[in-house]
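Residue-level structure breakdown
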Amino acid sequence: MTAALHTTRAEKQRLHDELTKRISENHRLQQEMEGSTNMSRSLDAKLQETESVLASTRHALDAATNQLKAMSEQKAQLHTLLNDRTFELKGAQSFLTTADASSGADVISLLQRLNAEVLQSAAYMAESIVDTFSFESGGVKDEDAYATVTGMFGQSLAHYLATKKHKDDPLLIQITFQSCFVQFLEFVISSWTLADNDLNKMLASTYKTIRSGEAQAISGRWRALTSAYVHNHEESQLIALFTPQLAGHFSNIMLVAGCSVAPDTLRASVEQKLSDKIVLLFKQALQLKKIMMEEITSADLRTVTVPFDTTYSAEQMEDAYVDGHPATGGVRVLCTTDLGLRRMTRLAPSGEKQWDNKLLLKPKVALKTVIDSMDG
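Heads up: these notes are all about the structure in this document. (Residues numbered from 1 in each chain as written. Predicted model: local features only at pLDDT ≥ 70, side-chain atom pairs only at ≥ 80, totals over all residues. Heavy atoms only, no water.)

Some words on unusual backbone geometry
Heads up, the condition is: Each helix is a run of H or I in the DSSP string that is no shorter than four residues. Each strand is a run of E no shorter than two, and both are numbered from the N terminus. Buried, partly exposed and exposed residues are distinguished by accessible area as a fraction of the type maximum, computed with a 1.4 Å probe on protein chains only: under 20%, between the cut-offs, and over 50%, respectively.
One non-glycine residue, Asp 309, lies in positive phi territory at about 70°. Tracing the sequence through the fold places Asp 309 in the loop between strand S1 (300–304) and strand S2 (318–319). For Asp 309, a relative accessible area of 30% gives the class partly exposed.

Quick notes on the sheet that holds strand S4 (residues 340–346)
Rules: Pairing between two strands requires that DSSP report at least two bridges joining them. Between N-to-C directions, angles cover 0 to 180 degrees, with each direction set by a line fitted to C-alpha atoms, over the stretch in contact for helices.
Pairing is antiparallel across the open sheet formed by three strands, whose spatial order is S1-S4-S5. Only two strands of the sheet have a single partner each, and these edge strands are S1 and strand S5 (355–361). Averaged over neighbouring strand pairs, the angle between their axes works out to 25° when direction is ignored. Bridging between S1 and S4 involves five bridges; their strand directions are antiparallel. Paired with Val 304 across the strands is Gly 340, a residue of S4.

Points about the environment of Ser 56
Following the sequence through the fold, Ser 56 ends up in helix H1 (residues 2–96). For the pair formed by Ser 56 and Ser 137, sequence separation is 81 residues and the distance between their alpha carbons is 108 Å.

In structure tokens form, the structure reads like this:
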């Protein structure tokens, strides 16, 4: 029994020790849990503090972003305003300046070169066609062609073309070809646009009104800008458009002069011979047009021709075929063979001296006296 009692006491002691150990472990765990809770609270506080700092940083960043955006927009507005003011100042300067990019001497030189090229081209065309085809003299053979030539060059020139012999001396045909070239080239140089006749008339009328009401610097600058920006077709398209028209005029001249070949055959031959010549003439005319319309604003430069049947005046024109004897009074003009040049400048809006009008280059003409040197 003693042994059993001893065993029971030992078991009681073991259980007591185990309980004490469990109580101590539980106490330790409670302390750890309290420590974790305190740490968690500390971490929550730090998290809240961090989130507050982050929110404050975001707010500051948004404010800085908005400020930068506002500054960028302000810079863009200032840049746009600067460009606008610069453009306006350039526009004002262009209207105030009277400096020309080219001179009247440049135009005279180019026009003389163009006239020389016209003479060479007309002589080549006349000689080559006369050598190629046969001719019959003695009167009008083609009434339609005669009417067209009369309308373009007058009754006198048409009559002499129809009645004179040309096979051995194609001078009269050459002169008429020169005049035909001159009419075409004057149209090219003086037109605002070459492919739209209605627009051309409207711009010419508008410019006439502006010239009569504005100072030379303003009207000249308007002319230059309008000419530079008005729509035109490509050069090759314009050449293709006008070559058949010129060929038709040249063919009518040859038919009136007595060329006996069929009109269609004649026209095809003329167009083929003309195609090489018109390209160079057209390019030179467009160069003159650009200088006269766009590069000279201090004055208006205009090409000059003389209407047929005008009484000859040595002060206003020059005899292209003078034989050493000056023309006598009362001699009439057959046609214009070389373009002249006139300069007109607006001096004042009113008064007796509003315009300065000066002939820089006399046009050359063929007079009716040239017929006296021809046979038949």
